[in-house]
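Residue-level structure breakdown
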Amino acid sequence: GKSLSLICGALSWLRDFEQKKREEEARLIETGTGSLHDEKDESLCLSSSCEGAAGTPRPAGEPAWVTQFVQKKEERDLVDRLKAEQARRKQREERLQQLQHRVQLKYAAKRLRQEEEETENLLRLSREMLETGPEAERLEQLESGEEELVLAEYESDEEKKVASGVDEDEDDLEEEHITKIYYCSRTHSQLAQFVHEVKKSPFGKDVRLVSLGSRQNLCVNEDVKSLGSVQLINDRCVDMQRSRHEKKKGAEEEKPKRRRQEKQAACPFYNHEQMGLLRDEALAEVKDIEQLLALGKEARACPYYGSRLAIPAAQLVVLPYQMLLHAATRQAAGIRLQDQVVIIDEAHNLIDTITGMHSVEVSGSQLCQAHSQLLQYMEQYGKRLKAKNLMYLKQILYLLEKFVAVLGGNIKQNPNTQSLSQTGTELKTINDFLFQSQIDNINLFKVQRYCEKSMISRKLFGFTERYGAVFSSREQPKLAGFQQFLQSLQPRMTEALAAPADESQASTPRPASPLMHIEGFLAALTTANQDGRVILSRQGSLSQSTLKFLLLNPAVHFAQVVKECRAVVIAGGTMQPVSDFRQQLLACAGVEAERVVEFSCGHVIPPDNILPLVICSGISNQPLEFTFQKRELPQMIFQEPKSAHQVEQVLLAYSRCIQACGQERGQVTGALLLSVVGGKMSEGINFSDNLGRCVVMVGMPFPNIRSAELQEKMAYLDQTLPRAPGQAPPGKALVENLCMKAVNQSIGRAIRHQKDFASIVLLDQRYARPPVLAKLPAWIRARVEVKATFGPAIAAMQKFHREKSASS
């Protein structure tokens, strides 16, 4: 019921807001020069139409007739803007209404697709005729396909403004962004479930909804999708779009060069006419990701870009966490949060998600591999590169060399055979790390921008893919060392490149270039010094040693969201304890305490359908306090598997055993499933009805207090957040909250619907402490019974299950 409540509540507000806005606009237009300066409607003036329109301060001593004239002009300008906005909205609504009744849409798409295919065939025949002509080989200095590997001439943003990538004929696609609701959740499956709930709601037929996703989930170009790696798919897609614009821009250049450029073809699915049809179809009827994919394949239109075109006119935009919380991704997708409403569902791990998205780790092996690849690239193409490219490539090589040196290694030697004299973990501030690495004189912002604009990591991957294992006879001696080095670092990758691709290899994602990963680390080093740390982990050999950037303040990436939005709703089924959200996210992001409204409601099940027990001692009256004891477990049980692909098999065997209980009386009385807190079974899997009649939480799952990352996070919070009177220090509170969030998420697996019932056993006497009980969800906390001894606890459980089984 949570998702349905969020849908109906949010869309009801949006409907009422739009109605109120229309009524106020009509009143102002009708009166012409109304009481604009005397009474100002809040909801209207939150819209973009009223920005700066009302009551501009006038200079003191100004004649009354001048003031009156200026005010009248402001009112007339406002009315004109309101009329224009009203006309645009009417035109948009009429177009969308027509779309819902246009039954010929798919036939039009099919006809246009056939015309496009015929045109492509004619172009292909023309190219083949030109390539077989007498001038075909005159300027072929590079091998076929090599042109795209060479870096184009680079100009920084200071020297030349980078084109936005939008042609003049694409300007008409820009639309005004209406007031909308952005709904985001953690996984695509959760979003698909939400879309199905929207369809079943009273708003399902009228709401304009668009589902957004990553290129990996929405790409319909099989050549690009087969790359497997998210980074490779993103870079290839962007590269194909860039190729499309460069071909238009360079049409006046010589024909041989233009022919080589055309070999890096633009994506056939990136067609604005077809994507416009896909956009209209998406807005006309609610569709999930799978339906968008099917529509894209049928219309030969890109669902990734087509769904983005639908954002301005959409009322409800459904998207994953990452697209909303990552500023660069948000900007690239065309998401504008100004005065919009954001709902973040399944937000119990929101802080960890933001921290994880912006924390990066690179290994010594990756650093050495990237350095070697880049050296070979420069040796192959150095004479073709301009001075600006060479300058930045040398800076990147210098950075890689210093990163290896700070770990205690030598960039010129094989990292697998290098033993480090010093081992252990060292933690540095960002500035200290830059000084110790001797790279504080390099502008990392410019290097980061160069990597993004030049797409050097994509070029480097293409170069390695081409020359990593197969070379011509004349180049074999020069690159043999490079091939051997790659083979020592990544034998599987080299074998896959050398051998012909079969079906099993095609299904395995190809590894991305190590430089792609290192670029993320370089970007992280541009974070403010107080908001992050660098962890140097030396593990004996250089290849296993790592550099990790740890984000300490996730609020820096959340602040822009709360600053721009009209409202942000952070929702979840198990949000307790909420103090982390208030302090680490909202307070640190600059949100005033009075702006935060907290709401919590009880569970749908009757109170007597749960029996939460805290058992303080065992059968022998030995106190139960699982701290560092080792516990021996029987072998005949179902255990959570180590591999994710085995989860389904274990769950299937577990459920079959339970189903057999009623059939084999006296032989099978139930099943026991042992799981790890925070593991594969503790989230996203429902153990409803007989699959989960009792949840036993053994001990308290505190995180590793000796972790350098956790200790630094605790110290940061102790220094940053105020300590409330009578409360634990913020760092200690963090550890307790991490523990109890894991407990709450795990014990909620068994209660999944209104008629469900289960007992919850907290097997540790520390759960009886009031501060710990206060962190349980209210619907569980109100029913908790503390049992000092084992006997009464078992008796209470037997009575509870006997009564519930009889009534069901």
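On a predicted model such as this, the values are computed, not experimentally measured, just so you know.

What follows is about the overall build of the protein. Across its full length, the protein holds 32 helices and 15 strands. Residues classed as buried in the protein amount to 47% of the 808 residues present. Look at the contacts in the protein between residues 6 or more apart in sequence, and 80% of them connect residues 24 or more apart.

Summed over all chains, the structure comprises twelve aromatic pairs. Ring geometry for Y377 and Y381: centres 5.2 Å apart, planes at 65°, overall edge-to-face. A residue pair is termed a helical-turn pair when its members lie 3 or 4 positions apart in one helix, as Y377 and Y381 do in helix α16 (residues 364-381) at four residues. The residues Y377 and Y381 share a single accessibility class, namely buried. Relative to F521, the ring of F433 lies with its centre 6.2 Å away and its plane at 85°, an arrangement referred to as edge-to-face.

Since there are 3.6 residues in each turn of an α-helix, residues three or four apart along the chain are aligned in direction. Taking 1.5 Å of rise per residue, the 13 residues of helix α5 (residues 188-200) would be expected to cover 18 Å, and the 19 Å separating its terminal C-alpha atoms lies within 8% of that figure. All buried positions along α5 are accounted for by Q190, L191, F194, V195 and V198. Axial view of α5: buried residues confined to an arc of 140°, hence all on one face. In α5, those exposed residues whose orientation departs by more than 90 degrees from the buried face are S189, Q193 and K200. On its buried face, α5 is in contact with α1 (2-31), β1 (181-185), β2 (209-211) and β3 (316-320).

The buried fraction of β1 is high, at five of five residues. Residues I181, Y183 and S185 of β1 are buried on one face, and the alternating residues Y182 and C184, pointing to the opposite face, are buried as well. Sheet topology note: the β1/strand β4 (residues 341-344) ladder contains four bridges and is parallel. Considered in β4, the bridge of I181 is made with V341.

A separate point is unusual backbone geometry. Residue R300 is not a glycine yet carries a positive backbone phi of 50°. Residue position: R300 is located in the loop between α11 (289-299) and α12 (303-309). Among the residues examined, R300 registers a relative accessible area of 26% and is labelled partly exposed. A positive phi angle is found at M455, which is not glycine, with a value near 55°.

As a further point, take the confidence of the model for the protein. Residues with a pLDDT of 70 or more make up 73% of the protein, whose mean pLDDT is 76. For residues 251-264, every residue scores under 50 in pLDDT, and the model assigns this stretch 24 contacts once sequence neighbours within four places are set aside.

Moving on, we come to the nonpolar core. Core analysis: the largest hydrophobic core is formed by 50 residues, its most contacted members being F403, F433, F521 and L547. Here this core gets ten residues from one element, more than from any other, and that element is helix α17 (residues 387-407). Of all hydrophobic cores here, the second largest spans 35 residues; its members include Y182, V210, L586 and V591.

Before going further, it helps to spend a moment on the side chain of S185. Structurally, the position occupied by S185 is in strand β1. You can call S185 buried: its relative accessible area is 1%. A polar contact of 2.9 Å, which involves the side chain of S185, links it to the side chain of Q190. When sequence neighbours within four positions are dropped, the list of residues in contact with S185 reads Q190, L191, L319, P320, Y321, D345 and E346.

Another point: the state of the cysteines. The bond known as a disulfide is covalent and runs between the sulfur atoms of two cysteines. Following the criterion strictly, the structure yields zero disulfides and no others. Free cysteine: C219, not disulfide-bonded; nearest cysteine sulfur from C267 at 6.5 Å. Judged by its relative accessible area of 11%, C219 is buried.

Time to look at the sheet that holds strand β13 (residues 694-698). Taken together, the four strands give an open sheet; going across it, the order is β13-β14-β10-β15, and neighbouring strands pair in parallel fashion. Edge positions in the open sheet fall to β13 and β15 (785-787), since each of these has one partner strand only. With direction set aside, neighbouring strand axes in the sheet form an average angle of 20°. In this structure, strand β10 (residues 610-615) lies alongside β15, joined through three bridges in parallel fashion. Within β15, the residue paired with L613 across the bridge is E785. With respect to the sheet, helix α29 (residues 730-747) is in contact with β13 and β14 (758-763), its orientation differing from that of β13 by roughly 160°. Contacts between helix α32 (residues 790-807) and the sheet are confined to β10, β13, β14 and β15, with β10 contributing the most and set at about 170° to the helix.

What follows is about the pairing of β4. Burial of β4 is two-sided: the residues V341 and I343 facing one way and the residues V342 and I344 facing the other way are all buried. The pairing of β4 with strand β9 (residues 567-570) spans four bridges and is classified as parallel. Each residue of the ladder has a partner; that of I343, found in β9, is V569.

Scanning the entire structure with this criterion turns up 15 salt bridges. Where R582 meets E598, a salt bridge forms, and the shortest distance between an N and an O atom there is 3.4 Å. Of this pair, R582 sits in helix α26 (residues 579-587) while E598 sits in the loop between α26 and β10, and the two are 16 residues apart along the sequence. Because the salt bridges share partners, they merge into one network encompassing E281, E285 and K287.

So, how was this worked out
Residues numbered from 1 in each chain as written. Predicted model: local features only at pLDDT ≥ 70, side-chain atom pairs only at ≥ 80, totals over all residues. Heavy atoms only, no water. Helix = DSSP H or I, 4+ residues; strand = E, 2+ residues; numbered from the N terminus. Buried < 20%, exposed > 50% of the residue type's maximum accessible area, 1.4 Å probe, protein only. Contact = heavy atoms within 4.5 Å. Phe/Tyr/Trp six-rings, centres within 6.5 Å; stacked < 30°, edge-to-face > 60°. Expected span 1.5 Å × (residues − 1). Arc of directions from axis to C-beta. Pairing = 2+ DSSP bridges. pLDDT = per-residue confidence, 0-100. Core = buried A, V, L, I, M, F, W, Y, C linked by side-chain atoms within 4.5 Å. Polar contact = N/O pair within 3.5 Å; in protein donor to acceptor, adjacent residues only side chain to side chain. Disulfide = S-S within 2.5 Å. Axes fitted to C-alpha atoms, helices over the stretch in contact; angles between N-to-C directions. Salt bridge = Lys/Arg side-chain N within 4 Å of Asp/Glu carboxyl O.

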